[in-house]
Amino acid sequence: MAKKVQKKAVQKKTNGFGKFIKWFWLLFVFALICLATPFVLASMGALGEMPDHTILENPKTDLASEIVSADHKTLGKFYLNDNRTPVTYEDLSKHLVDNLVATEDERFYKHSGIDFRRTITAIIQLGQKGGGSTITQQVARLLFHQKEGRGNVINRMQQKFKEYVIATRLERQYTKQEIIAMYYNIYDFGNNGDGIRSATRIYFGKEPKDINQEEAAVLVGMFKNSSLYNPITNPVGVRNRRNVVYKQMNRNDLITEQQKDSLQKLPLKLNFTPEHHNAGMATYFRSHLRNEMKTWIKDNPKNKEGDRYSLYNDGLKIYVTIDSRMQAFAETAMKKHMKNLQGEFDTQNKKNKTTPFRNLDKKEIEKLLKTAMRRSERFRVYTKEMGKSKAEAYASFNVKKKMRIFSWNGEIDTIMTPRDSMLYYKKFLHAGLLSIEPQTGYVKAWVGGINHKYFKYDHAKQGKRQVGSTFKPFVYATAIDQLKYSPCDTISDSYYCIPEGRHGNLKDWCPKNSNGKYSGMVSLKSALAKSINTISAKLINKVGPKNVIQMAHNLGITSEIPEVPSICLGTTDLSLYEMVNSYSTLANMGQYVKPIIISRIEDKNGSILYQNVPETKDVLSEESAYVTVKVMEGVTRYGSGARLRSRKNTWSNAYRKGIITGHPYEFTNDIAGKTGTTQNNSDGWFMGMVPNLVTGVWVGAEDRAVHFKSIEYGQGATMALPIWAQYMKSCYTNQDLNISHESFKEPENLSIEVDCEKWAQENEDNLNDNSDF
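**A short note on the overall build of the protein**
- A count of helical and extended segments in the protein gives 29 helices and 18 strands.
- For the protein, the proportion of its 773 residues judged to be buried stands at 53%.
- Across the protein, the fraction of contacts at a sequence separation of at least 24, relative to all contacts at a separation of at least 6, is 70%.
- Accessible surface for the protein amounts to roughly 37900 Å². Of this, 50% is attributable to carbon and sulfur atoms.

As structure tokens, then:
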């Protein structure tokens, strides 16, 4: 009986254990199902839309279009929201990779997208010592679900499960190296630092491959929260976070304890270089390029369906002809001179009762200001958008408000009326510089103004102003081409009139020389060097205004020019772009080359979408072009341009006051050029050229009534020439630019004598023969 009871007890115990095992496995399977179900549902898209394999292969990110200079530097980018330019893993420095893995995902190379050990640890610790997300999960969230998961716990859980699934898919689709590069490319580092390429350029002025240990630690620290750990707004927090990165590097045996301690003591070092449309290099050029690209995009659809490229999202690479080194030289020369020149202008205007205007009464000034008001954005908003009357719009210009204004010593926060701010800005002198390689038409430097943020108007191409005596070489070129004049031919500088009725004159036209004097017999070379007006008048009377206009158009002028004799003194308005283009044709031995700013365009994959094909044509004989250039060399030998060579102080007050810097320039090579000064000193020009570079400079105020009182300061040789000189001196310091020191090439079988000593011996009997004039 006892045995029977014992047997039943054992059987009962066995049955109980069996049930336990059964329930254990049931619960285990149930737990697995519960655990797997969210993953299955997520992968099926039941928890929300999931990316398919095609999207995983090509994740959608907005890519900025990049402007690449001739020397392979990034000049700027076109973007709306994302200033992003992707890089490959090979473009990242080792420091960026090591710091990232050590700080964000120590077991990155050991898991397949999900680190279960780290996840469980994070759950147990309630995330107090770090989250459980891997680098791959972070990529998944940033790429596909960045804006999801906000709000309640259920939404956050759904996001996590989707992240897990996407992370494992990404690990199958990409290598570890590609995932690291992807993470760096898609992260927003703040201050327009979208992606690592922009971030390293903005915070350190470097490419990603050049980032060192200290810089890498700063950037990796920002992955925690780039809004909070912003180096500009929270440098203390960023330094503390950087030191955490050093601690992680030491923990993973990537740096020693001693190195960690040394690095943590270092101050935060930045080279903050903002990237936006008003900052950086070549801002006026980039603005012009944007318009050119919009036209190209309109004329060149992406496919047969007519889809168009996006300048801001498609990651185009625009290779331009600008050389970043020359552009930097040009901008530096302009800023240095214009700051000094503006200081002198302001000093001279202190006693001017109608400052900054000259020769205007109060009624004329008020009329000018009202015109400016009507053209302003404020007036448009008041009358068009707000429905206010014109009187109310005008009245708004007299209400004081806080504003930030431009000055050469930095921006100023102040309170003034919009009317006063208009008067303040009217006083500023502006500048334009354009530099072209004549043999190729490549535009090498483009400066459109003094500050793009405050003055958007582009004086390199958009603006047109009276060109003054810089037009005279077109008159001389016409005479040389038609009449085969030598630079040594002599003409009488004397009182001269073109009578009423000739060349459309409504009355006698009798131009005077700027100094009011006459020099008697002078050579053509000397006449241009001294910018003698009567000689220009005699030449245009001889060849006719129509032929001079045709010559100007052939050389590169596109604007309409009135068919009157006075154009020989530069009374017409032309752009700096046209002038440099035309002078380039003379420097290029009479062959016109259409200016080029874009050499090629590539899509984000490197496929060439556009390749420039030069447009050239012969418009002037080599002989005529060469002789004209030899005449123009006289300007820098013994004309107003001789200041380029002088070893002595030839600048009088302007030099002594420090307005002219860098002098003496002491150029010794052949330079052909021409200065230009317009009526009332409103515009100052200098056009200068060597065999492989033609550069023009213009300086003047927005309104022609704003100008220097005396020609000592208002002439082109004082306002514009110093910018050209400083720019060229800088270019010559960089031998890699290969700017020519040589003489202009003499054409074969030259029939016109350009050596005046030889010419004098051959023409001794005709030295005083001016019967043609």
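**Details of the state of the cysteines**
- One pass over the structure, following the stated rule, counts 2 disulfides.
- Here Cys488 is linked by a disulfide to Cys756, with a sulfur-sulfur distance of 2.2 Å. The sign of the S-S torsion, about -90°, decides the handedness of the disulfide formed by Cys488 and Cys756: left-handed. Placement of the pair is Cys488 in the loop between α18 (472-483) and β9 (490-493) and Cys756 in helix α29 (residues 756-762), with a sequence separation of 268 residues.
- Given a relative accessible area of 32%, Cys756 falls into the partly exposed group.
- A sulfur-sulfur distance of 1.8 Å marks the disulfide that ties Cys497 to Cys510. Classification of the bridge connecting Cys497 and Cys510 rests on its S-S torsion, roughly 110°, and on that basis the disulfide is right-handed.

**What to know about the sheet that holds strand β18 (residues 693-701)**
- Strand order across the open sheet formed by 5 strands is β7-β6-β18-β17-β16, with antiparallel pairing between neighbours. The sheet terminates laterally at β7 (442-447) and β16 (672-677), the two strands that pair on one side only. Taken over all neighbouring pairs, the strand axes of this sheet differ in orientation by 10° on average, direction set aside.
- Pairing between β16 and strand β17 (residues 683-690): 6 bridges, direction antiparallel. When the bridges of β17 are listed, Lys674 appears paired with Met687.
- Relative to the sheet, helix α28 (residues 721-733) contacts β6 (429-437), β7, β16, β17 and β18, its axis offset from that of β18 by approximately 145°.

**Description of the packing of aromatic side chains**
- Applying the stated criterion across every chain, the model contains 30 aromatic pairs.
- With centroids separated by 5.8 Å and ring planes inclined at 55°, the aromatic side chains of Phe428 and Phe455 adopt a geometry described as tilted. Linking Phe428 in the loop between α17 (418-426) and β6 with Phe455 in the loop between β7 and β8 (464-466), this pair joins segments that are 27 residues apart in sequence.
- With centroids separated by 5.1 Å and ring planes inclined at 85°, the aromatic side chains of Phe471 and Phe474 adopt a geometry described as edge-to-face. Exposure class is identical for Phe471 and Phe474. Each is buried.
- In textbook terms, an aromatic cluster arises when at least three aromatic residues are bridged by ring pairs, as seen for Phe406, Trp408, Tyr424, Tyr425, Phe428, Tyr454 and Phe455.
- Between Arg600 and the ring centre of Tyr319, over which it is positioned, the NZ or CZ distance is 3.7 Å.

**Examining the environment of Thr134**
- Topologically, Thr134 is positioned in the loop between α4 (116-124) and α5 (135-144).
- In this structure Thr134 comes out as buried when scored by relative accessible area, which is 0%.
- In the structure, Thr134 is positioned 33 residues away from Ala167 in sequence and 8.7 Å away in space, judged by C-alpha atoms.
- At 3.1 Å, the side chain of Thr134 and the backbone nitrogen of Gln137 are in polar contact.

**Observations regarding the pattern of salt bridges**
- Scanning the model with the defined rule gives 30 salt bridges in all.
- Notably, a salt bridge pairs Glu702 with Lys426, separated by 3.1 Å at the nearest N-O pair. Here Glu702, found in the loop between β18 and α26 (711-714), pairs with Lys426, found in helix α17; they are 276 residues apart in sequence, far enough to count as distant.
- The exposure class assigned to Glu702 is partly exposed, which follows from its relative accessible area of 47%.
- Linked by salt bridges that have partners in common, Glu66, Arg197, Arg201 and Glu207 make up one network.

**Describing helix α20 (residues 533-543)**
- The element α20 is extensively covered by neighbouring structure, given that 10 of its 11 residues are classed as buried.
- Against α18, β9, β10 (520-523), α19 (524-529) and α21 (545-555) lie the buried residues of α20.
- Positive phi appears at Gly544, one or two residues downstream of α20, with a value of about 90°.

**A short note on the pairing of β6**
- Buried residues dominate β6, accounting for 8 of its 9 residues.
- The pairing of β6 with β18 spans 8 bridges and is antiparallel. From the neighbouring strand, His430 faces β18, where its bridge partner is Gly700.
- Of the strand pairs in this sheet, β6 and β7 are connected by 5 bridges, and their pairing is antiparallel. Directly across from Ile436, in β7, lies its bridge partner Val443.
- What sits between β6 and β7 in their antiparallel hairpin is a turn of 4 residues, with Gly441 showing a positive phi close to 80°.

**Re a positive patch on the surface**
- On the surface, a cluster of positive charge is made up of Lys367, Lys370, Arg374, Arg375, Lys384 and Lys390.
- Looking at which element gives the most residues to the positive patch, the answer is helix α14 (residues 362-374), with 3 residues.

Conventions adopted
Residues numbered from 1 in each chain as written. Predicted model: local features only at pLDDT ≥ 70, side-chain atom pairs only at ≥ 80, totals over all residues. Heavy atoms only, no water. Helix = DSSP H or I, 4+ residues; strand = E, 2+ residues; numbered from the N terminus. Buried < 20%, exposed > 50% of the residue type's maximum accessible area, 1.4 Å probe, protein only. Contact = heavy atoms within 4.5 Å. Areas by Shrake-Rupley, 256 points an atom, 1.4 Å probe, with all protein chains shown as cover. Disulfide = S-S within 2.5 Å. Pairing = 2+ DSSP bridges. Axes fitted to C-alpha atoms, helices over the stretch in contact; angles between N-to-C directions. Phe/Tyr/Trp six-rings, centres within 6.5 Å; stacked < 30°, edge-to-face > 60°. Lys NZ or Arg CZ within 6 Å of the ring centre and 35° of its normal. Polar contact = N/O pair within 3.5 Å; in protein donor to acceptor, adjacent residues only side chain to side chain. Salt bridge = Lys/Arg side-chain N within 4 Å of Asp/Glu carboxyl O. Patch = residues over 30% accessible without salt bridge, like charges linked within 9 Å, V, L, I, M, F, W, Y side chains within 5 Å. Lys, Arg positive; Asp, Glu negative; His and termini not counted. Charge placed at Lys NZ, Arg CZ, Asp CG, Glu CD.

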